[in-house]
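Residues per chain are reported as follows:
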Amino acid sequence: MKRLVCILLLTVSSMVFSPFLFAANELRVGILQYGTVNWEIQAIQERHLENAFNLSLSVVPLSSPQALLVALQGGKVDVILSDWLWVVRQKEMGRDYYFSPYSTNAGHLVVNNDAGIHALTDLKNKTLGVAGGRANKNWVLFRTYIKQTTGLVANQDYTVKFAAAPILNALMAQGELDGAINFWHYAAQLNAKGMPTLLTLQQLLANTGITQPVPMLGWVFSANFAQMHNATLKQFLAMSQEARKQLVRDDDLWQRLPAFQRYPNAAHDTLKTQYRQGAVVSTPADFSANMEAIYQRLKANQGSDNITGSFTHLPNDLLWSYEQH
């Protein structure tokens, strides 16, 4: 009997102390079901980065940006990719979230080949499709820039039609739109069909004095989660950044990502190039200043949409800082 007890104790001890049986830290990440973030998630899985960072991801696919926000606010997921302007509005309402930069990619203005648009002044009497709605910051910034540089006023000198991103691409392909301001990965697919990009948001910002790329999309999470699961969060953000680094430098990795391979082959090179140009693989100190400059531009030109809220300046604790946490 004593021998049997000893054997049982040794067995249990070996199970408890085995380095292979320690539970990894778990984190629930909400992602758009068909979003480009799937490329990173699949790169993490392909390169077994969860093991390297002792982290277990529970991926929750959701159908819309609104569903992501609801899931985060309801505690169904721990982190999502979202817009820093949304984080600002949450802070205004007393809900404390952080933003960790992920990508500088944003909207592109693409024009149809037969539309005769070679400069912004050529938008006069044309029809322009816009993704994201009236309150989307891409549209506010493009609309303002077009007016300031050409004098053209939306829905006065040119017609604007709002629609979902895939619908805009379909309308462009059918020749029913002269141009479209669409999200970068949809614009890349139009480029692959021979439709040129006339202006990107980052080019627009550079033309107005904001010369360094500015993050538009980032990982968003609550201050409460960051406080209670600090180590897990840091592991996740480090793993996410490592996945982006590998996608930036390794062409072969892209061939093993099903979410990327579903895009048309003709768009692959453009998508990879633009992803790499926008991927944030470090956090320069000047992000805050440039984001503040954009915020002030939005405040001055948002009109009745009031997308910036009541803050006169961006909150000091908007950006997640490894040094501070």
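Everything below is about the structure shown above.
This text gives an overview of the structure that appears in the document.

Analysis parameters
Residues numbered from 1 in each chain as written. Predicted model: local features only at pLDDT ≥ 70, side-chain atom pairs only at ≥ 80, totals over all residues. Heavy atoms only, no water. Core = buried A, V, L, I, M, F, W, Y, C linked by side-chain atoms within 4.5 Å. Buried < 20%, exposed > 50% of the residue type's maximum accessible area, 1.4 Å probe, protein only. Helix = DSSP H or I, 4+ residues; strand = E, 2+ residues; numbered from the N terminus. Contact = heavy atoms within 4.5 Å. Axes fitted to C-alpha atoms, helices over the stretch in contact; angles between N-to-C directions. Parallel < 35°, antiparallel > 145°, perpendicular 65-115°, else oblique. Nonpolar A, V, L, I, M, F, W, Y, C, P; charged D, E, K, R; others polar. Pairing = 2+ DSSP bridges.

The nonpolar side chains of soluble globular proteins are, as a tendency, buried together. Within the largest apolar cluster, 52 residues are counted, with the highest numbers of intra-cluster contacts made by Trp84, Met291 and Ile294. Of all elements in the fold, only α4 (65-73), α5 (84-92), β4 (97-103), β5 (107-111), β6 (127-130), α6 (137-150), α9 (201-207) and α15 (287-301) reach the threshold of two or more residues within this core. When residues in this core are grouped by element, the largest group, 6 residues, is from α6. Apart from the residues lying within four places of it in its own chain, the contact partners of isoleucine 294 are Trp84, Leu141, Leu205, Ile210, Val214 and Met216. Of all hydrophobic cores here, the second largest spans 39 residues; its members include Val29, Leu57, Ala188 and Leu247.

What follows deals with the packing of α5 against α15. α15 packs onto α5 with a crossing angle of 75° between their chain directions and a minimal axis gap of 12 Å. Between α5 and α15, the angle falls in the class roughly perpendicular. Every residue of α15 that contacts α5 at Trp84, Leu85 and Val88 is listed here: Met291, Ile294, Tyr295 and Leu298. Its residues placed into classes, the contact of α5 with α15 shows 7 nonpolar, no polar and no charged.

Turning to the sheet that holds β4, a few remarks are in order. Read from one edge to the other, the open sheet built from 5 strands follows the order β2-β1-β3-β10-β4, with strand pairing classed as mixed. The two strands at the open ends of the sheet, each matched to only one other strand, are β2 (55-62) and β4. Neighbouring strand axes in the sheet, compared pairwise and without regard to direction, differ in orientation by 35° on average. In this fold α4 packs onto β1 (25-32), β2, β3 (79-83), β4 and β10 (217-222), with an angle of close to 130° to the strand it touches most, β3.

Note that all results are geometric; they support no functional claim without further evidence.
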